[in-house]
Amino acid sequence: MIYKRAFLFIMLVSLVMMVSIGLVQAKEGTTIRVSFIDEPRERWYWDHLGEFEKLTGTKVVIDFYGFETLYQKNLANCYGHTGEYDVMQLHYPDMGLFDARGWCYDFTDWVERDKAEFQPDDIHPYQRESHCLFNGRWFGVPMHCNANAFFIRTDIFDKIGLPMPTSWDEVFKAADLIKQQFPDITPITTEGRRDIQIAIKSIGMMWGFGSYIYDTQTFKPLMDTDAAKNMFDLWQKLAAIMPEGAAGYGANENFQYFSQGKAAMTLSWTHAGTNFYGDPNNSVIVGKWKGGYFPGGGTALGGWSMQINNDSKHKEEAWEFLKWLVSPEMEMRLVSNMESPRLSVIANPEVQAKEDHQRIYYEVLQAKPVMLPKIEPTYELMDYLSSAANSVVSGLATPEEAREKLQNQYKQIMLSYGLYKEQ
Amino acid sequence: MGWIMKRRYVGYLYILPCLIILVILVVYPLYFSFRISLTDFTFGRPFANYIGSENYYQLFKDPIFIQSMVRTIFITIIAVLVEFICGLGSALILSRKFRGQNLIRTLILLPMMISPIVVALIWLLMYQPDFSILNYLIQMFGVDPPMWLTRPPWPIIGVTITEIWEWTPFFTMVCLSGLASLPLEPYEAAVTDGATGWQIFWKITLPLLTPLLLIGLLIRMIDVFRIFDIIYIMTEGGPGDYTSTMSIFVHRTGFIYRHLGMASASSYMMIIVITILTLILIRLLNRVGSQS
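Residues numbered from 1 in each chain as written. Chains lettered and ligands numbered in written order. Predicted model: local features only at pLDDT ≥ 70, side-chain atom pairs only at ≥ 80, totals over all residues. Heavy atoms only, no water.

A.B. asks: Now, about the overall build of chain B: what can you tell me, with residues and values included?
C.D. replies: A count of helical and extended segments in chain B gives 13 helices and zero strands. Moving toward the C terminus, one meets the helices and strands of chain B in the order α-α-α-α-α-α-α-α-α-α-α-α-α. Taken against the 2.2 N^0.38 rule, which gives 19 Å for 292 residues, the C-alpha radius of gyration of chain B at 24 Å runs more than 25% over that of a compact globule. With the C-alpha coordinates of chain B rotated into their principal frame, the extents come out at 75 × 75 × 30 Å. A total of about 16,500 Å² of accessible surface is found on chain B, and carbon and sulfur atoms cover 72% of it. Side-chain charges of chain B comprise 19 positive and 15 negative groups, with the mean position of each set lying 11 Å from the other. (Helix = DSSP H or I, 4+ residues; strand = E, 2+ residues; numbered from the N terminus. Rg over C-alpha atoms; globule rule 2.2 N^0.38 Å. Areas by Shrake-Rupley, 256 points an atom, 1.4 Å probe, with all protein chains shown as cover. Lys, Arg positive; Asp, Glu negative; His and termini not counted. Charge placed at Lys NZ, Arg CZ, Asp CG, Glu CD.)

A.B. asks: Explain the interface of chain B and chain A to me, using residue names and the numbers behind them.
C.D. replies: The interface is formed by 33 residues belonging to chain B together with 35 residues belonging to chain A. Note on chain B versus chain A: buried area summed over both sides is about 2,800 Å², and carbon and sulfur give 48% of it. Ranking the residues of chain B by area buried against chain A places R45, Y257 and R258 of chain B at the top, with a combined share of 21%. For the pair chain B and chain A, the number of links is five salt bridges. Residue D383 of chain A is joined to R252 of chain B by a salt bridge in which the shortest nitrogen-to-oxygen separation is 3.6 Å. (Contact = heavy atoms within 4.5 Å. Buried area = accessible area lost by both parts, 1.4 Å probe. Salt bridge = Lys/Arg side-chain N within 4 Å of Asp/Glu carboxyl O.)

A.B. asks: With reference to specific residues and values, describe the state of the cysteines.
C.D. replies: In the structure shown here, the tally under the stated rule is zero disulfides over all chains. No disulfide involves C104 of chain A; its nearest neighbouring cysteine sulfur is the one of C78 of chain A, lying 5.1 Å away. As a non-bridged cysteine, C86 of chain B has C175 of chain B as the owner of its nearest cysteine sulfur, 11 Å distant. (Disulfide = S-S within 2.5 Å.)

A.B. asks: So what about the pattern of salt bridges? Which residues, and what values?
C.D. replies: Within this structure, the stated rule accounts for 32 salt bridges over all chains. Its salt-bridge partner being R45 of chain B, residue E376 of chain A comes within 3.5 Å of it at the nearest N-O pair. Placement of E376 of chain A in the loop between helix 19 (356-366) and helix 20 (378-393) and of R45 of chain B in the loop between helix 1 (7-37) and helix 2 (54-61) is noted, with the two residues assigned to different chains. With a relative accessible area of 18%, E376 of chain A lands in the buried category. By relative accessible area, which is 23% here, R45 of chain B ends up partly exposed. Here the salt bridges share partners, and the residues they tie into one network are R113, D114, E117, E316, E320 and K323 of chain A. (Buried < 20%, exposed > 50% of the residue type's maximum accessible area, 1.4 Å probe, protein only.)

A.B. asks: Outline the packing of aromatic side chains, supporting the account with residue identities and numerical values.
C.D. replies: Residues and elements named next belong to chain B. Under the criterion given, the structure shown has 47 aromatic pairs over all chains. Aromatic pair F84 and F171: ring centres 5.8 Å apart, planes at 80 degrees, arrangement edge-to-face. A residue pair is termed long-range when its members are at least 10 positions apart, and F84 in helix 3 (residues 63-94) and F171 in helix 8 (residues 154-180) qualify at 87 residues. Here F84 matches F171 in class, with each residue buried. (Phe/Tyr/Trp six-rings, centres within 6.5 Å; stacked < 30°, edge-to-face > 60°.)

A.B. asks: Lay out helix 12 (residues 226-239) of chain A in plain terms, naming residues and giving numbers.
C.D. replies: Think of an α-helix as 3.6 residues a turn; residues three or four steps apart then line up on the same face. Residue and element names in this part refer to chain A. The end-to-end C-alpha distance of helix 12 is 20 Å, a good match for the 20 Å that 14 residues give at a rise of 1.5 Å each. Turning to helix 12, its buried residues are A227, A228, M231, F232, L234, W235 and L238. When helix 12 is viewed along its axis, its buried side chains cluster within an angular range of 150 degrees and face the same direction. In this structure, the buried residues of helix 12 make contact with helix 10 (168-181), strand 7 (186-189), helix 11 (196-208), strand 8 (263-269), helix 20 and helix 21 (399-416). (Expected span 1.5 Å × (residues − 1). Arc of directions from axis to C-beta.)

A.B. asks: Any chance you could break down the nonpolar core for me, citing the residues and the numbers?
C.D. replies: Ranked by internal contacts, the top residues of the largest apolar core, which has 128 residues, are I178, F232, L238, M265 and L385 of chain A. Ranked by size, the runner-up nonpolar core spans 47 residues in total, among them W167, F171, F201 and L213 of chain B. (Core = buried A, V, L, I, M, F, W, Y, C linked by side-chain atoms within 4.5 Å.)

Written out as structure tokens, the structure reads:
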């Protein structure tokens with residue numbers, strides 16, 4: 001009998017607690033959930049969510065993930081229509097899957113409605129094209145923007161008497177002089193590891209040689225072109241003047257190597273200048289570097305697009321959050337923390353004078369960098385490209401072998417997705 | 001209710017909760033993934049078509065998969081053999097009484113207690129050509145250090161050394177517990193008969209330890225066959241696909257390319273290969289068991 005009473009008592013208390021929690025939550029107002037990449041800029045927002053809550057009454061819960069896990073989480077969220085996240089941070093090439101499948105909300109009408117507040121024309125036109133629009137409709141707002149960039153050591157280049165290289169020939173000419181005059185300095189460093197970094201750089205290089213990785217109209221793979229041949233040959237030539245272990249370098253190893261003053265040039269990211277090379281706590285080359293466009297004229301664009309889940313029950317609140325994330329005021333506050341998509345920031349001479357990464361990014365955007373593919377098999381294409389380029393850098397394959405293998409792999413992928421029809 | 005209490009049924013009733021859990025957590029996922037392996041299911045696409053054994057056929061045509069399988073078997077055999085020899089050797093040394101024995105025993109187990117991700121990061125730094133302590137030590141002998149993770153064949157050797165470093169203590173532990181439980185009588189008799197240390201080891205210690213060692217080999221073989229975390233952190237399967245194992249292949253196919261049908265088929269291939277290897281070892285174990 002006593003057990004029965006105790007059981008009933010526990011059940012009653014549990015019921016009261018559950019009802020109370022429910023009432024408290026209902027009283028608190030709307031809560032939206034957000035999936036974010038785990039990076040400093042995103043952490044900054046997390047620290048300042050109170051401001052948004054005060055402004056709108058909407059509570060925001062953020063979950064942080066690494067690159068691959070974020071993709072998997074967003075994919076499971078959308079494919080399973082779980083509605084777990086109202087707002088999702090997508091690597092912008094993911095738009096080729098998420099937006100094409102109708103998983104994200106088309107907020108074109110809201111952009112028009114809130115034009116005065118959102119100021120879409122302030123977003124760089126090229127950035128709008130890459131990170132916001134899919135088939136001409138608004139699906140995302142750009143955040144955590146960056147692009148590939150080329151950096152040199154100004155002190156070394158002053159001594160060898162050469163300006164910043166603008167072509168690959170000039171890079172190799174400078175490399176010869178550096179080897180003669182600075183035998184302890186490696187001419188150039190970059191990410192040679194088999195991951196997305198080397199793939200992004202390869203796309204930029206090939207673009208500089210005059211071609212994309214596939215025909216954007218017919219989806220015919222273009223690894224049998226001269227541009228692809230030049231790109232793989234370039235990797236082989238670069239490998240000879242890169243650090244010996246560069247075939248295993250990811251982004252961080254590359255940042256560190258240049259920051260430690262061990263190389264005279266680096267192929268890196270626009271934000272690397274201010275965040276790494278200009279950081280006196282981590283760099284021995286503060287004030288001795290300069291960044292700009294990739295040699296050869298091909299630079300690839302990176303970055304993220306914030307999108308609203310089509311299954312979200314709080315789309316209006318999610319839109320308010322997106323506007324807050326990239327408002328002109330917010331972009332100005334975050335001027336030191338990653339590149340801005342807004343012209344009012346990157347084209348601002350005062351900002352450019354103080355924040356070198358914003359100046360470099362503006363120059364890169366003005367020169368129309370190449371976009372990563374926004375189609376369904378993007379990551380498959382990128383992974384095979386990273387394997388091919390890494391094989392050449394590590395000496396595992398000749399440029400010709402890597403290129404031929406990649407052309408066949410790309411053809412299989414494009415055929416299997418029904419994108420390319422063989423004649 | 002009387003019938004239910006009959007002896008023949010009540011046993012089933014007792015194991016029913018366990019069976020239900022087993023069906024939910026093991027049998028159904030196995031059935032589900034097998035069903036998927038017979039389709040062209042790609043995560044994110046609305047429909048999946050039944051394609052029979054096409055995925056399996058494609059796998060055998062894929063040189064990357066075949067190379068991954070051969071590489072996995074190679075790493076498994078080398079790693080388990082070296083771990084076994086080093087583990088047994090260190091256990092024989094540690095089983096003797098000496099000062100600081102307990103401290104050494106604890107220290108030797110440390111690598112196994114560290115998370116594989118941390119182990120991979122530690123060795124990733126050890127293999128860096130610019131500031132590696134390993135390369136510094138090699139250079140002290142006047143030898144040029146290899147490019148551990150970038151120039152073949154060193155990447156395979158590098159990841160295998162890391163795996164061996166982490167899991168040799170497992171064999172040490174297994175052998176130490178085995179040595180502690182061996183009966184003293186055969187040793188006393190052998191000493192009386194004038195057997196040498198070497199003879200005692202080959203004729204008494206090793207045969208008595210064999211059943212335990214085979215179980216250790218079995219566990220480690222299954223474990224090494226699934227090697228993923230160390231390679232993922234250290235090389236991501238590179239350079240090229242040079243260190244791609246079957247687990248790396250499955251992960252890449254399933255979670256990067258999203259081809260879950262193909263990934264399930266390759267998982268089943270893994271299960272088949274590992275089952276064959278396991279059956280061979282179990283037969284060996286049974287034979288040794290019946291002999292002893």
